[in-house]
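One letter stands for each residue in the lines below.
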Amino acid sequence: MFSTGMPIINAIGSSLVGVTAFGATAALNYAASGLVDWRLAVTFIIGGVIGGLAGGRLAGALGGRRGTLNAIFAAVILAVAIYMLARSILS
């Protein structure tokens, strides 16, 4: 965001495109190897679509309130970082 000057909503969208591309590549490799539990995969895909649609609507609604969307995004990143740190310490 800082180096390109893009708004937070565009940064989130761009990040999701990259994650989707890398995730799809990895998923295809696992599927080709026969290592996919398809019932579980479909469950995750349905949840992801529902969450993506809900998140898109929420982001669109909060897009005009830059400070609110930034705070929510920062809180999510912080929560994930704390979770990852706790898992690495406890395992």
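Scroll up to find the structure.
Keep in mind that what you see is a predicted model, and the values were worked out from it rather than measured.

1. Points about the overall build of the chain
- From N to C terminus, the chain includes three helices and zero strands.
- Going from the N terminus to the C terminus, the chain shows its helices and strands as α-α-α.
- Rg of the C-alpha trace for the chain: 16 Å, well past the compact-globule value of 12 Å for 91 residues, more than 25% over.
- Along the longest, intermediate and shortest principal axes, the C-alpha atoms of the chain span 45 × 35 × 25 Å.

2. Brief notes about the environment of Gly60
- Within the secondary structure, Gly60 is located in helix H2 (residues 38-62).
- Under the relative-accessibility criterion, Gly60 is labelled exposed at 54%.
- Along the backbone, Gly60 and Leu40 are 20 residues apart, and their C-alpha atoms lie at a distance of 30 Å.

3. Structural notes on the environment of Ala31
- Relative to the helices and strands, Ala31 is located in helix H1 (residues 8-32).
- Excluding residues that lie within four positions of it along the chain, Ala31 makes contacts with Val36 and Trp38.

4. What about H2?
- Spanning 25 residues, H2 covers 35 Å between terminal C-alpha atoms, matching the ideal 36 Å at 1.5 Å per step.
- Of all the positions in H2, only Ala41, Ala59 and Leu62 are classed as buried.
- On its buried face, H2 sits against H1 and helix H3 (66-90).

5. Looking at a nonpolar patch on the surface
- The grouping of Ile72, Val76, Val80, Tyr83 and Met84 at the surface amounts to a nonpolar patch, some 480 Å² of accessible area in total.
- In this structure, Val80 sits in helix H3.
- Residue Val80 is classed as partly exposed on the basis of its relative accessible area of 41%.

6. Points about the packing of H1 against H3
- Interhelical geometry of H1 versus H3 gives an angle of 35 degrees and a closest axis separation of 10 Å. When H1 is examined against H3, the residues Ile8, Ile9 and Ile12 are found in contact with a partner set consisting of Leu69, Asn70 and Phe73.
- In terms of residue class, the contact of H1 with H3 is built from five nonpolar, one polar and no charged.

Calculation rules
- Residues numbered from 1 in each chain as written.
- Predicted model: local features only at pLDDT ≥ 70, side-chain atom pairs only at ≥ 80, totals over all residues.
- Heavy atoms only, no water.
- Helix = DSSP H or I, 4+ residues; strand = E, 2+ residues; numbered from the N terminus.
- Rg over C-alpha atoms; globule rule 2.2 N^0.38 Å.
- Buried < 20%, exposed > 50% of the residue type's maximum accessible area, 1.4 Å probe, protein only.
- Contact = heavy atoms within 4.5 Å.
- Expected span 1.5 Å × (residues − 1).
- Patch = residues over 30% accessible without salt bridge, like charges linked within 9 Å, V, L, I, M, F, W, Y side chains within 5 Å.
- Areas by Shrake-Rupley, 256 points an atom, 1.4 Å probe, with all protein chains shown as cover.
- Salt bridge = Lys/Arg side-chain N within 4 Å of Asp/Glu carboxyl O.
- Axes fitted to C-alpha atoms, helices over the stretch in contact; angles between N-to-C directions.
- Nonpolar A, V, L, I, M, F, W, Y, C, P; charged D, E, K, R; others polar.

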